[in-house]
Amino acid sequence: MAYDTGGKCWNCSAPLTALDYGRADTCKKCGHDTKVCKGCTFYDRSAHNECHETQADRVVEKERSNFCDYFRPASREGAVSASRDSARAAAEALFKKKS
């Protein structure tokens, strides 16, 4: 089953194509499974079962390939840089010298 878009490896950020997300596929750069919770758009450590998809079955091993029908490849680069920028701005505001 192919997906609409490619993404990036959840472990090493290597670019992946839509055809790299089969049940038995691994990243060509680091060798980790690609169709895993940590590489999905719905993955969020702070959410119930670490997933925002409410109909998905619970998956315990977030770094191992699974059979989830709701899996959608995520591009973590934008989310990481956005959260990094917001964290930096918050730290700068916290430690800003008061005149």
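Once a new chain begins, its residue numbering starts again from 1 and follows that chain's sequence as written. Confidence filtering applies because this is a predicted model: local features only for residues at pLDDT of at least 70, side-chain atom pairs given and counted only at 80 or more, and all residues used for totals across whole chains, interfaces and linings. Heavy atoms throughout the structure, all of them, feed into the side-chain values; hydrogens and water do not.

Helix numbering and strand numbering both begin at the N terminus, where a helix is a DSSP run of H or I of at least 4 residues and a strand a DSSP run of E of at least 2. Tallying secondary structure elements over the protein gives one helix and two strands in all. Here the protein holds 99 residues, and 28% of them are scored as buried. Here, Shrake-Rupley sampling with a 1.4 Å probe gives the accessible areas, and only protein chains in the shown set may cover a residue. As displayed, the protein has an accessible area near 7,200 Å², and 51% of this comes from carbon and sulfur atoms. Three exposure classes are used, based on accessible area relative to the maximum for each residue type with a 1.4 Å probe and protein chains only: buried under 20%, partly exposed in between, and exposed over 50%.

On a scale of 0 to 100, pLDDT captures the predictor's confidence in every residue. Residue-level pLDDT values for the protein average 83, and 80% of them are 70 or greater. Confidence scores differ between elements of the protein, with helix α1 (residues 76–94) showing the lowest mean pLDDT of 59 and strand β2 (residues 15–16) the highest of 94. Whether two residues are in contact is decided by their heavy atoms: any pair within 4.5 Å suffices. Considering only residues more than four positions removed or in separate chains, one finds that residues 78–83, a stretch of pLDDT under 50, has zero contacts.

This next bit is on the pattern of salt bridges. Definition used for salt bridges: Asp or Glu carboxyl oxygen within 4 Å of a side-chain nitrogen of Lys or Arg. Overall, the coordinates contain two salt bridges when judged by the stated rule. For Lys 28, the salt bridge goes to Asp 20, with nearest N and O atoms at 3.2 Å. For Lys 28, a relative accessible area of 74% translates into the label exposed. What makes Asp 20 buried here is its relative accessible area of 13%. Here Lys 38 and Glu 63 are joined by a salt bridge, their closest N and O atoms 2.6 Å apart. On the criterion of sequence distance, the pair formed by Lys 38 in the loop between β2 and α1 and Glu 63 in the loop between β2 and α1 is long-range, its members being 25 residues apart. Classification of Lys 38 as partly exposed rests on a relative accessible area of 25%. Accessibility expressed as a relative area gives 39% for Glu 63, which makes it partly exposed.

Moving on: the nonpolar core. Nonpolar cores were defined as sets of buried Ala, Val, Leu, Ile, Met, Phe, Trp, Tyr and Cys residues, with membership established by side-chain atoms within 4.5 Å. In this structure, Cys 9, Ala 14, Leu 16, Tyr 21, Cys 27, Cys 40 and Phe 71 together form the largest nonpolar core, which totals seven residues. Setting aside chain neighbours within four positions, we find Leu 16 in contact with Gly 6, Gly 7, Lys 8, Cys 9, Tyr 21 and Thr 34.

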